[in-house]
Each structure stands twice: as structure tokens, then as C-alpha cells.
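So the chains spell out like this:
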Amino acid sequence: MNASGAKCMTSEELYNLSNSGAGTLITKSCTISPREGNPSPRYVDLKLGSINSMGLPNLGFDFYLDYVLEQHESGNDDIFFSIAGLTLEENIEMLTRVQNSDFRGIVELNLSCPNIPGKPQTGYDFERTNEVLNKIFYFYTKPLGVKLPPYFDLVHFEMMAEILNQYPVQFVTCINSIGNALYIDDESAVIKPKGGFGGIGGAYVKPTALANVRMFYKLLRKDISIIGCGGVETGKDVFEHILCGASMVQIATQLMKEDTRIFSRLISELEEIMSSKNYKALEDFKGKLIEL
Ligand code: YRO
């Protein structure tokens, strides 16, 4: 599937994804009101990946709720709806409306929202993450998972896993972009917002993504699925994410570099690797990384 943010904001983009070889799709993270996002240049393609500071441009909650309900009417409930309120109250309002709708798909809650001013993003604020999940699961009963930022410290993996294991989370998606990096061309930043700071994706982040998939695969309850995201360019990268424990894989940077034909390419490259190893199903190698 695509990762939220990559070619999934407009009707046309969602239409193209739904007619691609992707297993499913996810909508652009939304807020209640439509947002223009940050000034351009705000997304730059790099040799080894990408940098972005989009600033959450989206067509607003109602647009995406209408889209997923339209899909439901056509019999398609295998769809992910990404939510990224700028406050806990905004997330609760959107999720209340999803709960009370006919939506039968899956919500991915983006925990990279700014949260409380002066505090880290929600995903890096463990107490706040616990509070957010506690308030949400108090009323929300439909399938829901969380999109996590990358972690770099073993204790942070354990702290986040301990929190997530207390809630009926269906999946976690690892990882969002590696935040607040700076890419320079000659003497200049390459994106305009935030003095050139932005989230990094692509080949740069694959080892971090794989480590996050692997750690959460080991630490989370076995009924919590892992969606791998980060640095997928080829079927070999998909294979490695699954080897670390992913059940599904998302593509952002490489989908931006190519087009929606990437999904059938990745599937045939993965099938090629599987048949060369005599694997018939994902279960034959999922999570089975050889550790020396
Ligand atoms: O800038 C974005 O819209 C963006 N880019 C990412 O790489 N990941 C994200 O989760 C988002 C949306 C959320 C936020 C970073 C703007 C708070």
C-alpha cells in the first residue's frame, strides 16, 4: 500500500491508487478543517531519498470521510483512513464521528502530531501517548492502529511497547519520516519551511525502519500486526521488512519517484525472491530474520 502522504490527498490520486496493483490504500492524514500546508519548496526528491516539510496539507476530515464511506457503499471496506488532529480534542472529535458513521475500514492514527506546544510530538511523549490512547479507547471500538515515529533508544522501544500492549491496538506502522533533518545543496537549504528542516524518507531510513519493525514485532502482543514503512524501493526491501516481522508494507518516497505502477513491480520482484527460496506464503519467512 501507499504510505499516508504519498499521492493520496486528492480524488484523482485516491482513484489512481485504488486502480493500482496495491493491496489497499490509505488517505492523507487529515485535520477537521482543510489545510494549505507549508510554502513551497516543501518536498524535494534526493538521490538517496526525500526531505519534506509539507505541513499537513489536506482537504479536511469531511472529504476523506465521504471518500471512505463512498468506498464502503461500493463494497470496499479494506481501506485505511489516516487521522492527524493537531490536538487530542481534534482527534477525539474526528474519531467520534468515524465511530458514529458507517465506516467499516481501519483508522491509522498519526502520532507525529505536534501535541502540546513546548513538548515533543505525541509519539515521543510517552505519558501523553498513554493519555491519548486511554481517552480514545474509552469510546472508540472500531479497528485502529498507530503510525509511530522512529525510535533510536532501546528503552524507548520498551516504554512505547509497554503502553501499546495495554490497549486494543490492531497494528502499528513503523516508521514515519526521520524528523528535522537538514539537506544542503551548495550553500542553501533545499526546502523553504522551518529553516530547511524536514522529515527524511527513502534509502536513508531503511536500516532505522527495519530496526523499528523488528523491535516492535518482538515486544508487542502477538495479535498486534506490524506495517513496515521506510526505504522500500525494490522487492528485496519488501522481503526484508517482512523478514523483520511486517505483515504489510507501505511506500512513500519511491511512490513519489515513480507512479502507481510501482506496486505491481514490487509484487513481482517479491514473488521472484520467494520462488527462488521456495517460499509459498509470507508466513514462511515473516519475522524469521536470522540473528547471529
Ligand atoms: O508534513 C507533513 O504533512 C508530514 N510529513 C511527514 O513526513 N510525516 C507526517 O506525519 C506529516 C504530517 C504530520 C506533521 C508532521 C505535519 C505533524
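Rules used in this analysis
- Residues numbered from 1 in each chain as written.
- Predicted model: local features only at pLDDT ≥ 70, side-chain atom pairs only at ≥ 80, totals over all residues.
- Heavy atoms only, no water.
- Salt bridge = Lys/Arg side-chain N within 4 Å of Asp/Glu carboxyl O.
- Helix = DSSP H or I, 4+ residues; strand = E, 2+ residues; numbered from the N terminus.
- Buried < 20%, exposed > 50% of the residue type's maximum accessible area, 1.4 Å probe, protein only.
- Pairing = 2+ DSSP bridges.
- Axes fitted to C-alpha atoms, helices over the stretch in contact; angles between N-to-C directions.
- Patch = residues over 30% accessible without salt bridge, like charges linked within 9 Å, V, L, I, M, F, W, Y side chains within 5 Å.
- Areas by Shrake-Rupley, 256 points an atom, 1.4 Å probe, with all protein chains shown as cover.
- Lys, Arg positive; Asp, Glu negative; His and termini not counted.
- Charge placed at Lys NZ, Arg CZ, Asp CG, Glu CD.
- Contact = heavy atoms within 4.5 Å.
- Near = heavy atom within 4 Å.
- Polar contact = N/O pair within 3.5 Å; in protein donor to acceptor, adjacent residues only side chain to side chain.
- Nonpolar A, V, L, I, M, F, W, Y, C, P; charged D, E, K, R; others polar.
- Core = buried A, V, L, I, M, F, W, Y, C linked by side-chain atoms within 4.5 Å.
- Parallel < 35°, antiparallel > 145°, perpendicular 65-115°, else oblique.
- Left-handed = near helix turned anticlockwise from the far one by under 90°.

Visitor: Help me get a handle on the pattern of salt bridges, residues and values and all.
Guide: One side chain can pair with another of opposite charge once the charged atoms of both are near each other. Applying the stated rule across the entire model yields 13 salt bridges. With a shortest N-O distance of 2.6 Å, Lys218 and Glu291 are connected by a salt bridge. In this pair, Lys218 is assigned in helix α6 (residues 206-219) and Glu291 in the segment after α9 (262-276), connecting sequence segments 73 residues apart. Residue classification places Lys218 among the partly exposed positions, given a relative accessible area of 43%. According to the relative accessible area criterion, Glu291 is partly exposed, its value standing at 46%.

Visitor: Could you give me a rundown of the sheet that holds strand β1 (residues 43-46), with the residues and numbers involved?
Guide: An order of β1-β2-β10-β7 is seen for the four strands of this open sheet, with the pairing classed as antiparallel. Edge positions in the sheet fall to β1 and β7 (178-182), since each has one partner strand and no second. Within the sheet, the average angular offset between the axes of one strand and its neighbour, ignoring direction, is 35 degrees.

Visitor: Residue-level account of a negative patch on the surface, with values.
Guide: Taken together, the side chains of Asp66, Glu70, Glu73 and Asp102 present a region of like negative charge at the surface. As for its position among the elements, Glu73 is in helix α2 (residues 61-73). Residue Glu73 is classed as exposed on the basis of its relative accessible area of 63%.

Visitor: Outline the environment of Phe137, supporting the account with residue identities and numerical values.
Guide: One can find Phe137 in helix α4 (residues 126-137). The sequence separation of Phe137 and Pro168 amounts to 31 residues, and the corresponding C-alpha distance is 7.6 Å. Here Phe137 is in contact with Leu144, Tyr167, Pro168 and Val169, once residues within four sequence places are set aside.

Visitor: Help me get a handle on the site of the ligand, residues and values and all.
Guide: Around the ligand, the structure places Lys28, Asn52, Ser53, Met54, Gly55, Leu56, Pro57, Asn110, Ser112, Pro114, Asn176 and Ser177. Between an oxygen atom of the ligand and a main-chain N or O atom of Gly55, the distance comes to 2.9 Å. Interatomic distance of 2.8 Å between a backbone N/O atom of Leu56 and an oxygen atom of the ligand. When the ligand sits alone it has 390 Å² of accessible area, and the protein chains cover 77% of it. Residues that form the shell around the ligand fall into these classes: four nonpolar, seven polar and one charged.

Visitor: Describe the nonpolar core, with residues and values.
Guide: Core analysis: the biggest nonpolar cluster contains 75 residues, and Phe81, Ile83, Leu148, Leu164, Val172 and Phe216 have the highest contact counts within it. Broken down by element, the residue count for this core peaks at six residues, all from α9. Those residues in contact with Leu148 that lie beyond four places of it in its chain are Leu111, Met160, Leu164, Val172, Thr173, Cys174, Ile175, Asn176 and Phe216. Grouped together as the second largest cluster of nonpolar side chains are five residues, Ile26, Phe80, Phe171 and Ile227 included.

Visitor: An account of the packing of helix α1 (residues 11-18) against α2 is needed here, citing residue identities and associated values.
Guide: If you want to describe how two helices pack, look at the angle between their axes and the distance between the axes. Contact geometry of α1 with α2 gives a least axis separation of 12 Å together with a crossing angle of 30 degrees. By the criterion of interaxial angle, the relationship of α1 to α2 is roughly parallel. Of the two elements, α1 crosses α2, and the hand of that crossing is right-handed. Here Ser11, Leu14 and Ser18 of α1 come into contact with α2, specifically with Phe63, Tyr64 and Tyr67. For the contact of α1 with α2, the class distribution of residues is four nonpolar, two polar and no charged.

Honestly, that's just the spatial picture; any functional story needs more than this.
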